[in-house]
Each structure stands twice: as C-alpha cells, then as structure tokens.
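# Coordinate inspection notes
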Amino acid sequence: MFELILNIVMLLGFCYALAFNVLEAPVPLKVQKNPYALQPNMWPSVILALLIVLMIANIYGIIKKNKGKPEFSFTHFSSQVPGFLKSKMFIGIVIVVVAAFILEPLGFMVTSFFFLFAFGMLLGERNYVRLLITSFLITLFLYIGFGVLLQVNLPRGTVPFLRNFALWLESLIP
C-alpha cells in the first residue's frame, strides 16, 4: 500500500511540475522567432509526459498484482505508519527536506557540512572528530568540484555573517 501511495504522490508531483513549471516557463524571444530552434521546454515536457505515462502503468500494475491481498488495505497500512515514522529512512527524509529549506539562507557550505554531519550520525558514526573532519573535507571537495572546476554558482547564503564566511572561503581557493 505504501508503494501505491508513493506512486500516486509522485504522479501528482509530475503533473504539477509539467503544468506549472515546464509549460508556463518563459521562452526567450530569440528562440520564439526561430522556427528551427528546439524550444527550451521540449525535453522537460517529453520526459515528464513519459514519467506520467509510466507512473500510471506502474500504479495499474501495483493494483492488479495486490488486488485481494489482506495486507493491501488502508487498515494494514495505517498500522505500519508509526513504525515508519520512527525509522532511519524517515529521519533521513526529514534531514534532506530540512537541508533543502536551509540551503538558500545558510548557503551551500554550511548546509552541506550540517547535512553530511547529520547523515553520518544517522548512519551510526560515533567518532565525532572523524565525522567533523570528514564532513568538512567532503564539503570542500564538493565545492572545489562544482564551484571551482565546473563553475556552478552555489548559494552563498542570505545571513550576512555566513555569506561573508562563504566569500572568505571562496577567496582562499583560486
């Protein structure tokens, strides 16, 4: 039942993304005037349409496979929910969602460091010194890989002292 609910939620998310993010995305005037140019919303539209079709097929398959089974009911599902809310998987999902919300205000460096540290604790690492060093080194590696080598603009944060800290760290790496 959890798989079915998850598939339905994903289907709704794909439909929302297609309707409100891809189809309504502005197309530059230069691209609009060129009849041979591939519109920038073409590939996301095709991929999301395929995902929607495949998700509907998957939902149909789940219902067909589990029809009539006693564990395929909302009563059985509702009895499993408290255990899921205490699981490491749910805590990991919460960590990812929190990281997504704090990324813009705190910036990439701080968010990445806290994310890696929290996930290390979740996975059972109890040597906090090693966890701090590893989180810092991986954050630095990710920054160098994406920010310096690939020149991706990573969020610096909106909190003034954290933004200044990120700018200072960036000035250390040429």
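Look a little higher up for the structure.
Residues numbered from 1 in each chain as written. Predicted model: local features only at pLDDT ≥ 70, side-chain atom pairs only at ≥ 80, totals over all residues. Heavy atoms only, no water.

In terms of helices and strands, the chain carries eight helices and zero strands. Helices and strands in the chain line up, N terminus first, as α-α-α-α-α-α-α-α. Taking 2.2 N^0.38 as the reference for a compact globule, 174 residues should give roughly 16 Å; the C-alpha atoms of the chain span a radius of gyration of 22 Å, well beyond that estimate. Reported as C-alpha extents along the three principal axes, the dimensions of the chain are approximately 60 × 60 × 25 Å. (Helix = DSSP H or I, 4+ residues; strand = E, 2+ residues; numbered from the N terminus. Rg over C-alpha atoms; globule rule 2.2 N^0.38 Å.)

Before going further, it helps to spend a moment on the packing of helix α6 (residues 108-122) against helix α7 (residues 128-149). At a minimum axis distance of 9 Å, the contact between α6 and α7 shows a crossing angle of 140°. Judged by the angle between their axes, α6 and α7 are oblique. For the pair α6 and α7, the crossing hand works out as right-handed. The segment α6 lies against α7, with F108, M109, S112, F113, L116, F117, G120 and M121 engaging Y128, L131, L132, S135, F136, I138, T139, L142 and Y143. For the contact of α6 with α7, the class distribution of residues is 13 nonpolar, four polar and no charged. (Axes fitted to C-alpha atoms, helices over the stretch in contact; angles between N-to-C directions. Parallel < 35°, antiparallel > 145°, perpendicular 65-115°, else oblique. Left-handed = near helix turned anticlockwise from the far one by under 90°. Contact = heavy atoms within 4.5 Å. Nonpolar A, V, L, I, M, F, W, Y, C, P; charged D, E, K, R; others polar.)

Structurally, the position occupied by S112 is in helix α6. A polar contact is formed between the side chain of S112 and the side chain of T139, at a distance of 3.4 Å. (Polar contact = N/O pair within 3.5 Å; in protein donor to acceptor, adjacent residues only side chain to side chain.)

Okay, the environment of I56 next. Within the element layout of this structure, I56 appears in helix α3 (residues 42-66). According to the relative accessible area criterion, I56 is partly exposed, its value standing at 46%. The sequence separation of I56 and N7 amounts to 49 residues, and the corresponding C-alpha distance is 8.4 Å. (Buried < 20%, exposed > 50% of the residue type's maximum accessible area, 1.4 Å probe, protein only.)

This paragraph deals with empty space enclosed by the protein. For the structure shown, the criterion picks out one cavity of 30 Å³ or more. Roughly 70 Å³ of internal volume is contained in the largest cavity. In terms of lining, the largest cavity is formed by L106, G107, F108, M109, V110, Y143, L154, P155, R156, L162, A166 and E170. Counting residues per element, the ones that place at least two in the lining of the largest cavity are α6 and α8 (160-172). (1 Å grid on protein atoms, 1.4 Å probe; cavity = no way out; pocket = protein on both sides within 12 Å on 5 of 7 lines; lining within 4 Å. Points joined across faces, edges and corners; volume = space filled by probe spheres on them.)

Attention now moves to the packing of helix α5 (residues 88-106) against α6. At their nearest, the axes of α5 and α6 sit 9 Å apart, and the two run at 170° to each other. Of the possible angle classes, the one that applies to α5 and α6 is roughly antiparallel. The residues of α6 that touch α5, namely those facing K88, I91, G92, I95, V96, A99, I102, L103 and L106, are F108, V110, T111, F115, A118, F119 and L122. Looking at side-chain class alone, the contact of α5 with α6 contains 13 nonpolar, two polar and one charged residues.

Leaving glycine aside, a negative phi is the common case for residues, and trans is the common case for peptide bonds. For Q151, which is not glycine, the phi torsion reads 55° and is therefore positive. Take Q151: it is sitting in the loop between α7 and α8. Taking the relative accessible area as the measure of exposure, Q151 reaches 65% and is therefore exposed.

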